[in-house]
Amino acid sequence: KYLKMRGFKIGLASSTREVLVRSEISDGGLLGYFDQIIGGDMVERSKPEPDIFLEACRRLGTRPENCYVIEDSHNGIRAAYAAGMHPIMVPDLMEVTEEMKSLAEEILGSLCAVQEFLQGSGI
């Protein structure tokens, strides 16, 4: 909501099939927050390859270096890093490793902390 109110384009890039992601996001009442939804069935290679994030950039009409990626998975952080984006990790079930510390620009404890970080960055 914070980003939408500021006019940012928002994409969701999930390894899950697009129709399932769209259904779950819709059921949760969140569909209107996303400008693009890209599922794993829409790209040739899955995370940790960068394909899904590069496709999201293409569909959003922006360059990878201008995008932040918020991820909870190791493969998602690897993919965002490989795409040349700004990965932010919000750990969920997976522990933070030294590799994740080296690839993520920030490791934050919650989505509220992500908003605070973005506000502090002038976004």
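The numbering scheme is per chain: residues are counted from 1 as the chain's sequence reads. Per-residue local features are limited, in this predicted model, to residues with pLDDT of at least 70; the limit for side-chain atom pairs, both in listing and counting, is 80 or more; totals at the level of whole chains, interfaces and linings are taken over all residues. The basis for every side-chain value is the complete set of non-hydrogen atoms in the structure, without hydrogens or water.

Draft legend 1. View of the overall build of the protein chain. Every helix listed is a DSSP run of H or I at least four residues long, and every strand listed is a run of E at least two residues long, numbered separately from the N terminus. Scanning the protein chain from terminus to terminus reveals 6 helices and 5 strands. In sequence order, the secondary structure elements of the protein chain are arranged as α-β-α-β-α-β-α-β-α-β-α. A compact globule built from 123 residues would reach a C-alpha radius of gyration of about 14 Å, and the protein chain, at 14 Å, matches this within 12%. With respect to the principal axes defined by its C-alpha atoms, the protein chain has extents near 35 × 35 × 30 Å. Computing the positive centroid from 13 side-chain charges and the negative centroid from 19, the protein chain places the two 7 Å apart. For the radius of gyration, the atoms used are the C-alpha atoms, and the globule rule reads 2.2 Å times the number of residues raised to 0.38. Here Asp and Glu are counted as negative and Lys and Arg as positive; His is not counted, and neither are the chain ends. Charged side chains are reduced to one point each, which is NZ for Lys, CZ for Arg, CG for Asp and CD for Glu.

Draft legend 2. Representation of the pattern of salt bridges within the structure. Whenever Lys or Arg places a side-chain nitrogen within 4 Å of a carboxyl oxygen from Asp or Glu, that contact is recorded as a salt bridge. Scanning the entire structure with this criterion turns up 10 salt bridges. Across the salt bridge formed by E71 and K47, the nearest N and O atoms sit 2.7 Å from each other. Here the residue E71 occupies a position in strand β3 (residues 68–71), and K47 occupies one in the loop between β2 (36–39) and α3 (51–60), the gap between them amounting to 24 residues. With a relative accessible area of 8%, E71 lands in the buried category. Salt bridges sharing common partners tie together R45, E49 and D51. Whether a residue is buried, partly exposed or exposed follows from its accessible area with a 1.4 Å probe, protein chains only, as a fraction of its type maximum: under 20%, in between, or over 50%, in that order.

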